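So you can see what is in the structure, the chains are spelled out below.
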Protein chains: 2
Amino acid sequence: MTGKLFVVGLGPGAEELQTVQAARALEEADDLVGYAPYVARVSERPHQTRHISDNREELARARHALQLAAHGRTVAVVSSGDAGVFAMASAVFEAIESGDAGWRALDVEVVPGISALFAAAARLGAPLGNDFCALSLSDNLKPWERVLDRLLTAARAGFVIALYNAISRARPWQLNAAFAALREVLPAETPVVFARAVSRADEQIVIVDLARAGSQAADMRTLVLIGTISTRRIERSDGGTWLYTPRSVEKSP
Amino acid sequence: MTGKLFVVGLGPGAEELQTVQAARALEEADDLVGYAPYVARVSERPHQTRHISDNREELARARHALQLAAHGRTVAVVSSGDAGVFAMASAVFEAIESGDAGWRALDVEVVPGISALFAAAARLGAPLGNDFCALSLSDNLKPWERVLDRLLTAARAGFVIALYNAISRARPWQLNAAFAALREVLPAETPVVFARAVSRADEQIVIVDLARAGSQAADMRTLVLIGTISTRRIERSDGGTWLYTPRSVEKSP
């Protein structure tokens, strides 16, 4: 008897940004598996067991969930945002590939979610209106030179850039190094957005020029968005600002 | 008296991949504005007026919606997937910037959705497990040389690539030209996915090697995903295949 493994994207925070499919998966699960703050976002249900683990234990967490499913349980591994975007889905399949052959027979269903990237973009207007990329600034799993090279290549090529894992206690200097390098290839007035805890009660969104962007504006819950040479600001009557990137051809940098 | 403009991402197709926020916006709207197949996905409601327009009329459609909202109506412009990803949000803000100054006082709410990209990735496993980009292959709004250069730059830099607007009747040759160019910079066995109508009744997902990828596998409803040198296939016990891109460092191309 084998069970089922859901890998669920909970969305950015607000319950109304969750999909119906995600709600159904959470309802069906016997076991919830995840990083504590994400598991805490799911309403408690009788008969549902919660398995909480620390950050940066993705592979062990994935194996644990697979073992539970292999024993016949219906398991939901939960991630913030979309489970496939710098979240648990990749760790689950890495665990399957290197794990028990029987895991390849499991019913695994990845449930997509609203990523922080799209939630932040929606709040701002339409900053992703043209080609864009998402890039992890973490050098835990790849060398820093590789991270920086990829970032600058994307900036030069004219992609709007979303930086995941922009900063943490263990990686305090990388974000400022990234801004310094970007200032060599993008105009000083390129908009940079710090979008923190989007759709949650403590949401905070700040837009600054690249010239003034500094890592003090970011924490572990902040997504950083970097516009292109074409990204435009529209001043709203209420004093706010919309940001959008036109669909049509960009000027050459 | 001014109304409200929602710019709503309907998700990829299945109703259970819609967010609660999107459902609420559709419920509140006096007017629905959009390309016919997307408007058709919304249940009819008494007292709700439907304004249907052809493809490639985005700017005119956006202006019409803004005029309705400026006259006090609650309007929902609908897009498939996420409204901010190669969809209506950018056209709306372009129309605001170049339009009536009063439009800057309008209450505009962009409602994010599950993009085709994330829905397709979830079906496959975790192909976006590392840095990725989304790129429109259309040369309607930018020169083809620019499109191709950006595509090859992203491939060389090791991004997983999602191609939007991969093919249409008016743009029949670009996708094969893109595959031919990619074969010069990526290994022949790089996985290429044709994900058509994801989450709908006629969903079709095909994985081939880049060496064998051809545009006959795509139509206007197909998202094309191109893996990296690190993207891995896992053979499932039932004969299917999962695709995932590891989170850790890639081999150099």
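The structure this text deals with has already been given above.
Residues numbered from 1 in each chain as written. Chains lettered and ligands numbered in written order. Predicted model: local features only at pLDDT ≥ 70, side-chain atom pairs only at ≥ 80, totals over all residues. Heavy atoms only, no water.

1. Overview of the interface of chain A and chain B
- Contacts between chain A and chain B engage 71 residues on the former and 71 residues on the latter.
- Between chain A and chain B, the buried area comes to about 6,300 Å², and carbon and sulfur atoms account for 58% of it.
- Counting across the interface, chain A meets chain B through 12 salt bridges.
- When the shortest N-O distance is used, the salt bridge between Arg247(A) and Glu58(B) registers 3.7 Å.
- A per-class count over the side of chain A that touches chain B returns 36 nonpolar, 17 polar and 18 charged. (Contact = heavy atoms within 4.5 Å. Buried area = accessible area lost by both parts, 1.4 Å probe. Salt bridge = Lys/Arg side-chain N within 4 Å of Asp/Glu carboxyl O. Nonpolar A, V, L, I, M, F, W, Y, C, P; charged D, E, K, R; others polar.)

2. Overview of the sheet that holds strand 11 (residues 222–226) of chain B
- Spatially, 10 strands are ordered 10(A)-9(A)-11(A)-8(A)-7(A)-7(B)-8(B)-11(B)-9(B)-10(B) in an open sheet, and the strand pairing comes out mixed. The two strands at the open ends of the sheet, each matched to only one other strand, are strand 10 (204–209) of chain A together with strand 10 (204–209) of chain B. Looking at each pair of strands side by side, their axes are set apart by 15° on average, direction ignored.
- Here strand 7 (residues 132–136) of chain B runs beside strand 8 (residues 160–164) of chain B; their pairing, made up of 5 bridges, is parallel. Directly across from Leu135(B), in strand 8 of chain B, lies its bridge partner Leu163(B).
- Against the sheet, helix 6 (residues 144–156) of chain B contacts strand 7 and strand 8 of chain B, and its axis sits at roughly 165° relative to strand 7 of chain B. (Pairing = 2+ DSSP bridges. Helix = DSSP H or I, 4+ residues; strand = E, 2+ residues; numbered from the N terminus. Axes fitted to C-alpha atoms, helices over the stretch in contact; angles between N-to-C directions.)

3. Re the packing of aromatic side chains
All names here are of chain A.
- All chains considered together, the criterion is met by 14 aromatic pairs over all chains.
- Pairing Phe86 with Tyr164 gives two aromatic rings, centres 5.0 Å apart and planes at 45°, and the pair type is tilted. Of this pair, Phe86 sits in the loop between strand 4 (74–79) and helix 4 (88–98) while Tyr164 sits in strand 8 (residues 160–164), placing them 78 residues apart in sequence.
- Under the relative-accessibility criterion, Tyr164 is labelled buried at 12%. (Phe/Tyr/Trp six-rings, centres within 6.5 Å; stacked < 30°, edge-to-face > 60°. Buried < 20%, exposed > 50% of the residue type's maximum accessible area, 1.4 Å probe, protein only.)

4. Focus on the packing of helix 6 (residues 144–156) of chain A against helix 7 (residues 174–182) of chain A
Residue and element names in this part refer to chain A.
- Look at helix 6 against helix 7: their axes get within 10 Å of each other, and the N-to-C directions meet at 40°. With respect to each other, helix 6 and helix 7 are oriented oblique. Judged by the sense of rotation from one axis to the other, the crossing of helix 6 with helix 7 is right-handed. For the pair formed by helix 6 and helix 7, the contact residues are Trp144, Leu148, Leu151, Leu152 and Ala155 on the first element and Gln174, Ala177, Ala178, Ala181 and Leu182 on the second. (Parallel < 35°, antiparallel > 145°, perpendicular 65-115°, else oblique. Left-handed = near helix turned anticlockwise from the far one by under 90°.)

5. Let's talk about the pattern of salt bridges
- On inspection of all chains with the given rule, the structure shows 36 salt bridges over all chains.
- In this structure, Lys4(A) and Glu109(A) form a salt bridge, with 2.7 Å as the shortest nitrogen-oxygen distance. Highlighted residues: Lys4(A) in strand 1 (residues 4–9) and Glu109(A) in strand 5 (residues 107–111), separated in sequence by 105 residues.
- Accessibility expressed as a relative area gives 17% for Lys4(A), which makes it buried.
- For Glu109(A), a relative accessible area of 19% corresponds to the buried category.
- We note a salt bridge from Asp209(A) to Arg233(A), for which the minimum N-O separation is 2.6 Å. Here Asp209(A) is found in strand 10, whereas its partner Arg233(A) is found in strand 12 (residues 232–235), with 24 residues between them in sequence.
- Classification of Arg233(A) as partly exposed rests on a relative accessible area of 31%.
- Each of Lys4(A), Arg24(A), Glu28(A), Asp107(A), Glu109(A) and Glu16(B) takes part in a single network of salt bridges with overlapping partners.

6. Notes on the relation of the copies chain A and chain B
- Each copy of the sequence occupies a distinct position, and chain A is placed on chain B by a rotation of 180° and an axial shift of 0.0 Å, giving an RMSD of 0.0 Å. With respect to symmetry, the two chain copies, as superposed, fit the operation of a two-fold axis. For chain A, the residue whose C-alpha comes nearest the rotation axis is Cys133(A), separated from it by 1.9 Å.
- Taken as a fraction of all interface residues of chain A, those also at the interface in chain B reach 100%, which identifies the copy contact as same-surface. (Least-squares fit on C-alpha atoms with pLDDT ≥ 70 in both.)

7. Some points on helix 6 of chain B
- In this model, helix 6 of chain B (13 residues) spans 18 Å end to end at C-alpha, consistent with the 18 Å of a helix rising 1.5 Å per residue.
- At its buried positions, helix 6 of chain B is contacted by helix 6 of chain A together with strand 7, strand 8 and helix 7 (174–182) of chain B.
- Looking at the residues trailing helix 6 of chain B, positive phi occurs at Gly158(B), about 90°. (Expected span 1.5 Å × (residues − 1).)

8. Structural notes on the packing of helix 3 (residues 58–70) of chain A against helix 4 of chain A
All names here are of chain A.
- Relative orientation of the contacting elements helix 3 and helix 4 amounts to 65°, with a least axis distance of 8 Å. Relative to helix 4, the element helix 3 lies roughly perpendicular. Two packed elements cross with a definite hand, and for helix 3 against helix 4 that hand is right-handed. For the pair helix 3 and helix 4, contact is made by Glu58, Leu59, Arg61, Ala62, Arg63 and Leu66 and by Met88, Ala91, Val92, Glu94, Ala95, Ile96 and Ser98, respectively.
- Of the residues that constitute the contact of helix 3 with helix 4, the class distribution is 8 nonpolar, 1 polar and 4 charged.

9. Points about helix 6 of chain A
- Where helix 6 of chain A is concerned, the buried positions are Trp144(A), Val147(A), Arg150(A), Leu151(A), Leu152(A), Thr153(A), Ala154(A) and Ala155(A).
- Summarising the contacts, the buried residues of helix 6 of chain A are in contact with strand 7 (132–136), strand 8 and helix 7 of chain A together with helix 6 of chain B.

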